[in-house]
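In case you want the letters, here they are:
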Amino acid sequence: MSSRRSRSRQSGGSRISDDQINDLVSKLQQLLPEIRNSRRSDKVSASTVLQETCNYIRSLHREVDDLSERLSELLATTDTAQAAVIRSLLLQ
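As the structure is a computational prediction, the values presented were derived from the model and not from experiment.

About the criteria used
Residues numbered from 1 in each chain as written. Predicted model: local features only at pLDDT ≥ 70, side-chain atom pairs only at ≥ 80, totals over all residues. Heavy atoms only, no water. Helix = DSSP H or I, 4+ residues; strand = E, 2+ residues; numbered from the N terminus. Buried < 20%, exposed > 50% of the residue type's maximum accessible area, 1.4 Å probe, protein only. Contact = heavy atoms within 4.5 Å. Areas by Shrake-Rupley, 256 points an atom, 1.4 Å probe, with all protein chains shown as cover. Patch = residues over 30% accessible without salt bridge, like charges linked within 9 Å, V, L, I, M, F, W, Y side chains within 5 Å. Salt bridge = Lys/Arg side-chain N within 4 Å of Asp/Glu carboxyl O. Lys, Arg positive; Asp, Glu negative; His and termini not counted. Charge placed at Lys NZ, Arg CZ, Asp CG, Glu CD. Axes fitted to C-alpha atoms, helices over the stretch in contact; angles between N-to-C directions. Parallel < 35°, antiparallel > 145°, perpendicular 65-115°, else oblique. Left-handed = near helix turned anticlockwise from the far one by under 90°. Nonpolar A, V, L, I, M, F, W, Y, C, P; charged D, E, K, R; others polar.

Caption draft 1: Geometry of the overall build of the chain. Across its full length, the chain holds five helices and zero strands. What you see in the chain, going N to C, is helices and strands ordered as α-α-α-α-α. Within the chain, the fraction of its 92 residues that count as buried is 13%. Within the chain, counting contacts between residues at least 6 apart in sequence, those at least 24 apart form 10% of the total. Within the structure as shown, the chain displays about 7700 Å² of accessible surface, and the carbon and sulfur contribution to it stands at 52%.

Right, here's the structure in full:
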């Protein structure tokens with residue numbers, strides 16, 4: 001038994017079952033385009049799913065950063081009225 005699980009029992013915290021973990025890993029797997037679109041999607045280990053989840057989240061963060069930078073550049077190059085309209089649409 002891992003030390004995390006034994007600590008959880010000792011501290012009185014609720015223990016997550018293996019079935020619940022498997023269900024959550026399966027749900028994550030369905031959200032990951034890298035795994036979902038591959039032929040091997042039904043034979044992927046939980047550790048691979050978790051690693052791919054981390055990679056996917058990092059790529060989403062990079063994409064958000066890129067889009068934020070592009071938006072800032074766009075707002076800097078448009079006139080004040082257009083920038084105000086864009087800002088008001090973003091705040092909705």
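Resuming the write-up.
Caption draft 2: The environment of Leu74, seen in detail. Summarising the element assignment, Leu74 is placed in helix α4 (residues 46-77). The sequence separation of Leu74 and Ile86 amounts to 12 residues, and the corresponding C-alpha distance is 9.8 Å.

Caption draft 3: Spotlight on a negative patch on the surface. Together, Glu63, Asp65, Asp66, Glu69 and Glu73 give the surface a local cluster of negative charge. You can see Asp65 is positioned in helix α4. Owing to a relative accessible area of 51%, Asp65 belongs among the exposed residues under this scheme.

Caption draft 4: Examining the packing of helix α2 (residues 18-31) against α4 more closely. Two elements in contact, α2 and α4, have axes whose closest approach is 10 Å; the angle formed by their N-to-C orientations is 45°. Here α2 lies oblique to α4, going by the angle between them. Considering only the axes of α2 and α4, their crossing is left-handed. The residues of α4 that touch α2, namely those facing Val25, Leu28, Gln29 and Leu31, are Ala46, Val49, Leu50, Thr53 and Tyr56.

Caption draft 5: Highlighting the packing of α4 against helix α5 (residues 80-90). Two numbers describe how α4 lies on α5: the axes approach to 9 Å, and their chain directions differ by 145°. Across the interface between the two elements, Leu71, Leu74 and Leu75 from α4 touch Ala83, Ile86, Arg87 and Leu90 from α5. Each residue belonging to the contact of α4 with α5 can be placed in one class, and the counts come to six nonpolar, no polar and one charged.

Caption draft 6: Focus on the pattern of salt bridges. As enumerated under the stated definition, the model contains one salt bridge in all. Between Lys27 and Asp23 there is a salt bridge, with its nearest N and O atoms 3.4 Å apart. Of this pair, Lys27 and Asp23 are both found in helix α2, four residues apart, which corresponds to roughly one turn of the helix.

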